[in-house]
Amino acid sequence: MTALRRLGDGWGMLVLPLAAFLLVVFVYPLASVLARSLTDPEPGLGNYAAFFDSPVYLDVLGNTFVTAGLVTLVTLLLGFPYAYLMTVARPFWRGVLMAAVLVPFWTSLLVRTFAWVLLLRDTGVVNALIPGEPVPLLRNLAGITIGMVQVMLPFAVLPMYATMRGIDRRLLRAAEGLGATPVFAFWRVYAPLALPGVAAALLLVFVSTLGFYVTPALLGGPKDVMIGELIVQQLSGVLRWGFASALAVILLLVTGALLLVASRLVDLRKMIGSGS
Amino acid sequence: MTGAVDVRAVTKRYPGSLALDEVSLHVAAGEFMTLLGSSGSGKSTLLNVVAGFTEPTSGSVLVDDADITGVPPHRRELGMVFQHYALFPHMNVFENVAFPLRRRKVRGAELRRRVGDALEVVELGALGERRPAQLSGGQQQRVALARAIVFQPRVLLMDEPLGALDKRLREQLQLEIKRLHRELGITFVFVTHDQEEALTMSDRVALLREGRIVQVGTPQELYETPASRYVAEFLGESNLLDEDGGLLLVRPQHLRIGPPDGPGLRAVVREVIYVGGGLRIEVERPGGQRLVARTTVRPEELPRPGDEVVAHWSEHDSVNVPA
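Residues numbered from 1 in each chain as written. Chains lettered and ligands numbered in written order. Predicted model: local features only at pLDDT ≥ 70, side-chain atom pairs only at ≥ 80, totals over all residues. Heavy atoms only, no water.

In the nomenclature of an unreviewed UniProt entry, chain B is known as Putative spermidine/putrescine transport system ATP-binding protein of Nonomuraea endophytica.

An unreviewed UniProt entry annotates chain A as Putative spermidine/putrescine transport system permease protein of Nonomuraea endophytica. What the UniProt record of chain A gives under Subcellular location (unreviewed entry) is the line "Cell membrane". (UniProt positions renumbered as here; feature names shortened; annotations may be inferred.)

Caption draft 1: The overall build of chain B, seen in detail. For chain B, the count of helices and strands is eight helices and 18 strands. Projected onto its principal axes, the C-alpha positions of chain B cover 80 × 45 × 35 Å. Classification of the 323 residues of chain B by burial places 50% in the buried group. The contacts in chain B between residues at least 6 apart in sequence include a share of 64% that link residues at least 24 apart. Carbon and sulfur atoms make up 48% of the accessible area of chain B, which totals about 15,000 Å². (Helix = DSSP H or I, 4+ residues; strand = E, 2+ residues; numbered from the N terminus. Buried < 20%, exposed > 50% of the residue type's maximum accessible area, 1.4 Å probe, protein only. Contact = heavy atoms within 4.5 Å. Areas by Shrake-Rupley, 256 points an atom, 1.4 Å probe, with all protein chains shown as cover.)

Caption draft 2: Molecular detail of the sheet that holds strand 3 (residues 32-36) of chain B. Residues and elements named next belong to chain B. If you trace the six strands from one edge of the open sheet to the other, you get 6-7-8-3-9-10, paired in mixed fashion. For this open sheet the edge positions go to strand 6 (78-81) and strand 10 (212-217), each flanked by a neighbour on one side alone. Neighbouring strand axes in the sheet, compared pairwise and without regard to direction, differ in orientation by 15° on average. When strand 7 (residues 155-159) meets strand 8 (residues 187-192), the two strands line up parallel, connected through five bridges. Paired with Leu 157 across the bridge in strand 8 is Val 189. Helix 1 (residues 43-51) rests against strand 3, strand 6, strand 7, strand 8 and strand 9 (204-209) of the sheet, and its axis sits at about 145° to strand 7. Together, strand 6 and strand 7 form the strand contacts of helix 4 (residues 137-149), whose direction differs from that of strand 6 by roughly 170°. (Pairing = 2+ DSSP bridges. Axes fitted to C-alpha atoms, helices over the stretch in contact; angles between N-to-C directions.)

Caption draft 3: Representation of the environment of Thr 75 of chain A in the model. Residues and elements named next belong to chain A. Counting through the fold element by element, Thr 75 comes out in helix 4 (residues 55-88). According to the relative accessible area criterion, Thr 75 is buried, its value standing at 0%. Between the C-alpha atom of Thr 75 and that of Met 152, which follows or precedes it by 77 residues, the distance is 6.9 Å. Apart from residues no more than four positions distant in its own chain, Thr 75 is found in contact with Val 149, Met 152, Leu 153, Ala 156 and Val 205.

Caption draft 4: Just the pairing of strand 7 of chain B, in detail. Residue and element names in this part refer to chain B. Burial of strand 7 is extensive: five of the five residues sit out of reach of the surface. Neither face of strand 7 is left uncovered, since the one carrying Val 155, Leu 157 and Asp 159 and the one carrying Leu 156 and Met 158 both have all their residues buried. Both strand 6 and strand 7 contribute to a ladder of four bridges, which runs parallel. Across the sheet, the residue bridging to Val 81 is Met 158, located in strand 7. Taken together, strand 7, helix 5 (residues 167-184) and strand 8 constitute a β-α-β crossover, and its handedness is right-handed. (Right-handed = clockwise from strand over helix to strand, strands pointing away.)

Caption draft 5: Summary view of the UniProt feature "transmembrane region" (unreviewed entry) in chain A. Residues given the UniProt feature "transmembrane region" (unreviewed entry) here are residues 12-31, 65-85, 97-120, 140-163, 193-219 and 239-262 of chain A. Across residues 239-262 of chain A one finds 92% helix and 0% strand; the C-alpha atoms that close the span lie 35 Å apart.

Caption draft 6: Here's a closer look at the sheet that holds strand 17 (residues 308-312) of chain B. Residue and element names in this part refer to chain B. Judged by pairing direction, the sheet is antiparallel, and its five strands sit side by side in the order 13-17-14-15-16 without closing on themselves. Each having just a single partner strand, strand 13 (256-258) and strand 16 (290-295) make up the two edges of the open sheet. Between one strand axis and the next, the sheet turns through 45° on average, direction left out of account. As defined by bridge partners, strand 15 (residues 278-284) adjoins strand 16 across six bridges and the pair is classed as antiparallel. Each residue of the ladder has a partner; that of Glu 282, found in strand 16, is Val 292.

Caption draft 7: Examining the nonpolar core more closely. Counting residues in each nonpolar core, the largest one holds 102 residues, and the members touching the most others are Leu 35, Phe 99, Leu 156, Leu 157 and Ile 177 of chain B. It is helix 8 (residues 141-165) of chain A that contributes the most residues to this core, 10 residues altogether. Those residues in contact with Leu 156 of chain B, other than ones at most four positions away along the chain, are Gly 79, Met 80, Val 81, Leu 145, Ala 148, Ile 149, Ile 186, Thr 187, Phe 188 and Val 189 of chain B. In this structure, Tyr 48, Ile 231, Phe 243 and Val 249 of chain A belong to the second largest nonpolar core, which totals 19 residues. (Core = buried A, V, L, I, M, F, W, Y, C linked by side-chain atoms within 4.5 Å.)

Caption draft 8: Just the interface of chain B and chain A, in detail. With 21 residues of chain B in contact, the opposing surface of chain A contributes 18 residues. Regarding the contact of chain B and chain A, the summed buried area is about 1,800 Å², with carbon and sulfur atoms giving 71% of it. Per-residue buried area on chain B facing chain A is highest for His 74, Phe 99 and Arg 103 of chain B; these three make up 32% of the total on that side. Put simply, chain B and chain A have zero salt bridges between them. Counting across the interface, chain B meets chain A through four residue pairs in polar contact (both at pLDDT 80 or more). Going through the elements one at a time, helix 2 (93-103) and helix 4 of chain B are the ones with two or more residues in the side of chain B that touches chain A. Considering each element in turn, the side of chain B that touches chain A owes the most residues, four residues, to helix 2 of chain B. Split by residue class, the side of chain B that touches chain A holds 13 nonpolar, four polar and four charged. (Buried area = accessible area lost by both parts, 1.4 Å probe. Salt bridge = Lys/Arg side-chain N within 4 Å of Asp/Glu carboxyl O. Polar contact = N/O pair within 3.5 Å; in protein donor to acceptor, adjacent residues only side chain to side chain. Nonpolar A, V, L, I, M, F, W, Y, C, P; charged D, E, K, R; others polar.)

Caption draft 9: Inspection of unusual backbone geometry at higher detail. Following Asp 40 of chain A, the chain continues into Pro 41 of chain A via a peptide bond in cis, with omega recorded as 0°. Here Pro 41 of chain A lies in the loop between helix 2 (16-39) and helix 3 (46-53). Positive phi is not limited to glycine here, since Glu 123 of chain B has a value of about 60°. Within the element layout of this structure, Glu 123 of chain B appears in the loop between helix 3 (108-121) and helix 4. Non-glycine residue Gln 152 of chain B carries a positive phi angle of around 50°.

Quick look at the structure:
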């Protein structure tokens, strides 16, 4: 009701350019992807049936989830102490830590991924430092995980840092004054207060990772195909546009379902900063 | 009775400053001791040394004759209340108060009974389900009090617990903390910069200045027989008169203002202010020194600014202060 009235007073017109833009570049393509998945090569649910009939494709979906789960886990395990360190560091070091997270974030994904290829291959820098036989770090899950974790770290560190920065550290001191060991104080006081940031990081990283293409394509092996790669392969490799569309719709639905579940557990609006 | 605190020659040195300088203080078991001082006097540092949050550079702290210097705060079994309440925002009132007990593995009916008792003591029995954010400042500090006493510590440490509250609430909680002290019978160490608060609440007061204790005694001792000019000026209003190389203290309520032909110190009235129940008269002596008198004179005798008067007092109302 109020939203409608606001639209009517003229200011609402300001939203029209963006709305028109989204309509053309987002809603229309999405609708046509959905339509194509149901009509190409022939009308019906054939593309979806093909997906669910073939263990190969289900494996790819499963692999996508496993990889995303692994990447999320590693990212959070690395990001949590990093974000914590940022909250306790002096301003100068906090700036250094922040820059270390953000500079890669502003660097081209493609450049970074190729850099990993140079670093991780059998004759690369990392293996040069490890004595003995080269450790396989490329074209496998290790390569994918390293590459994607590096890409996703800012998405984990920033929301966790934002939440942790708001935690009153005097509460930990109070807990210790009441008899809590530092470990007890951490789990009973700090961790619950940091949880919204961790949940936001988890969701952001997991959902983003599901749709990754460049990193797994360059760093992963034939056994580590993720659904993004499969879509590209179907689209430009074997020209099954209808099937590729169906894959995209499946990915979108699964992601949507996850967000729906997550919204039951945590306040999503709070996470992206628009909640009160 | 247990809960005697002994601070022995505690020094705390920070880079470039000396927060505590060889401070020694004995707090008897069951006593209400107030550490009084302005900001930077070292009173909070001293409390934090006792609590274990601050490691002294040298010296030791004993509770009931056991040396606890170097023992981490969570093993000291002392209750602590902070100015900023420090309630856990993600827990309701019940869980906040239960926190020290859960740590000590108290569970079930025993836990509920003890939390309930502690909340009864601070008169918040009905608010267990509330979140701290739903409470007023005074209620929050009561929860913090309940949380600090629920595990029956030998000593309760309070760091300016009423500093964030408005005057009326502060006075109300002062009385409640006094009552709590009587009911629990444990040792209270209370930090404040408010001399009035220190005088009304304490069994004894230790006045700190620049990292040293300048005087320890009952409120009456500090007020009536201050050990130095600093103590006299810190506690209440005071008129300090130079007299043969010494100092004479006359409190405003003992200073009388009379007609200019009588005996006493000649002065000119500068301000006459009505303060509920009496007058506050400020007079100026020829040298420029101002004296303050508090009286309840009748309106017809009311002096006016500019009047020549004399200030006088009975000899037994004046005190010599070591200069």
